[in-house]
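# Residue-level structural notes
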Amino acid sequence: MTVPDFQTLMRPLLAELVDRQPHRVRDLTERMSDLFGLTEEERAQMLPSGRARLIVNRVGWAVTHMAQAGVVHRPQRGHLVLTDAGAEVLAAYPERVDMTVLSTFAAYRDFRGRTSSEATPPSVDPVASTPPATPDEVPDVTAAASPQDLLAQAVTENRAAVESELLDRALALSPPDFERLVLELLRAMGYGRAGRLEHSGASGDGGIDGIISQDPLGLDRIYLQAKRYAADHSVGRPELQGFVGALASNQGDRGVFMTTSTFTKGARETADKVSHRVELVDGARLAALMLRHGVGVQAETTVTLHRLDQDFFEAL
């Protein structure tokens, strides 16, 4: 028995969670190894990068895809629990659960749409029954796809998954911690480098959660509002108007409003029309900025593609 691909692992993993109790992913990985009768050599088989065991990588990607569909939930680090949607999937699909099944969920289709719209070549089926393209392990999706195409798809899929996880983690923070997270992001982006960043969020803060001093004397200031809202709680026009009022009260003319959710059309129109310069950052952009500037993430794998050096051979 070879190490199963990540889609083959999906239903057995769900079945292990049927008791609806949190299980450690580490324990689930060992149970999958036992279930599929892997030898000691197969259990120890490493990815080409040598950074992780193959079975650990494939269980990890099965969990990532299922979490994007909402059939499993991570209640805490390294643990997994079955959701109501996952229980329904188990009952409806007794033989196999794969990407096609997960694609019945809108959240998963949105995830796959983000991963395929930028990097998937036209000849690549974004819901093909093959393992995910990862920087360590590139699947044989199609003979027509070049290594560059596959690597681009791998990077894009990884980015979409991590951005979703970043947003989930941000939503789990307390409001003050979320405000501090936003300030750390702005620090990583270079704001306040010549001055300082101040966390001012507190009861009676007047709608200002942070102040960025762009110069040592604090003459050039940017004001911050940070709202940790669920995806179905959009920031509306009244909240934007309140923030603009807070800017005026503090004699400020520039502000950044960041949220984990979205902005309504009215809120965006307000930001465009007021005399103050107000930059709006919604949840999707927030997660993308965190990933781009290395906030809350760690670089895991670097891949180098090589090509033949024609000049070298011609110079011999």
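Note: the structure precedes this text.
First things first, this report covers the structure right here in the doc. Just so you know, the residues in each chain are numbered from 1, in the order the chain's sequence is written. Only residues with pLDDT of at least 70 are given local features in this predicted model, and only at 80 or more are side-chain atom pairs given and counted; all residues enter the totals for whole chains, interfaces and linings. With hydrogens and water excluded, all non-hydrogen atoms of the structure serve as input to the side-chain values.

## Some thoughts on the packing of helix α10 (residues 237-249) against helix α11 (residues 265-273)
Put simply, the test is: Each axis is a line fitted through C-alpha atoms, and for a helix only the stretch in contact is used; angles between axes span 0 to 180 degrees, taken between their N-to-C directions. Secondary structure follows DSSP: runs of H or I at least 4 residues long count as helices, runs of E at least 2 residues long count as strands, and numbering of each begins at the N terminus. Note on terminology: angles under 35 degrees are roughly parallel, angles over 145 are roughly antiparallel, angles of 65 to 115 are roughly perpendicular, and the others are oblique. The contact definition used throughout considers only heavy atoms, calling two residues in contact when any of these lie within 4.5 Å. Charged residues are taken to be Asp, Glu, Lys and Arg, nonpolar residues to be Ala, Val, Leu, Ile, Met, Phe, Trp, Tyr, Cys and Pro, and polar residues to be all remaining types, Gly included.
Running from N to C, α10 and α11 point in directions that differ by 25°, and their axes come no closer than 7 Å. When the interaxial angle is binned, α10 and α11 end up roughly parallel. Taken together, the residues of α11 that come into contact with α10 (itself represented by R237, L240 and Q241) are G266, A267, E269, T270 and A271. Looking at side-chain class alone, the contact of α10 with α11 contains three nonpolar, three polar and two charged residues.

## Concerning α10
The periodicity of an α-helix, 3.6 residues per turn, causes residues three or four positions apart to be oriented the same way. For the record, the criterion: Expected helix span is computed as 1.5 Å times (number of residues minus one). Buried residues are those whose accessible area, probed at 1.4 Å on protein chains only, stays under 20% of the maximum for their type, while exposed residues exceed 50% and partly exposed ones sit between those limits. What the arc covers is the set of directions going from the helix axis to the C-beta atoms.
Under the 1.5 Å per step criterion, the end-to-end length of α10 is 18 Å for 13 residues, consistent within 8% with the ideal 18 Å. When we look at burial in α10, the residues that qualify are L240, F243, V244, A246 and L247. In an axial view of α10, the angular spread of the buried residues amounts to 155°, which keeps them on one side of the axis. Turned more than 90 degrees from where α10 packs its buried face, P238 and S249 sit exposed. Elements in contact with the buried residues of α10: β6 (221-227), β7 (254-259), α11 and β8 (277-281). Downstream of α10 by one or two residues, Q251 has phi in the positive range, about 55°.

## Observations regarding the pairing of strand β3 (residues 79-82)
Looking along a regular strand, one sees the side chains alternate between the two faces of the sheet. For clarity, the cut-off: If DSSP finds at least two bridges between two strands, the strands pair.
Of the two faces of β3, the one holding H79 and V81 and the one holding L80 and L82 are both buried throughout. As paired elements, strand β1 (residues 23-24) and β3 share two bridges and run antiparallel to each other. If you follow H23 over to β3, its bridge partner there is L80. Direction of pairing for strand β2 (residues 72-73) relative to β3: antiparallel, over a ladder of two bridges. Looking at the pairing, H73 lines up with V81 of β3. Between β2 and β3, which pair antiparallel in sequence order, lie five residues; one of them, G78, sits at a positive phi of approximately 75°.

Any functional reading would require information beyond the geometric quantities listed.
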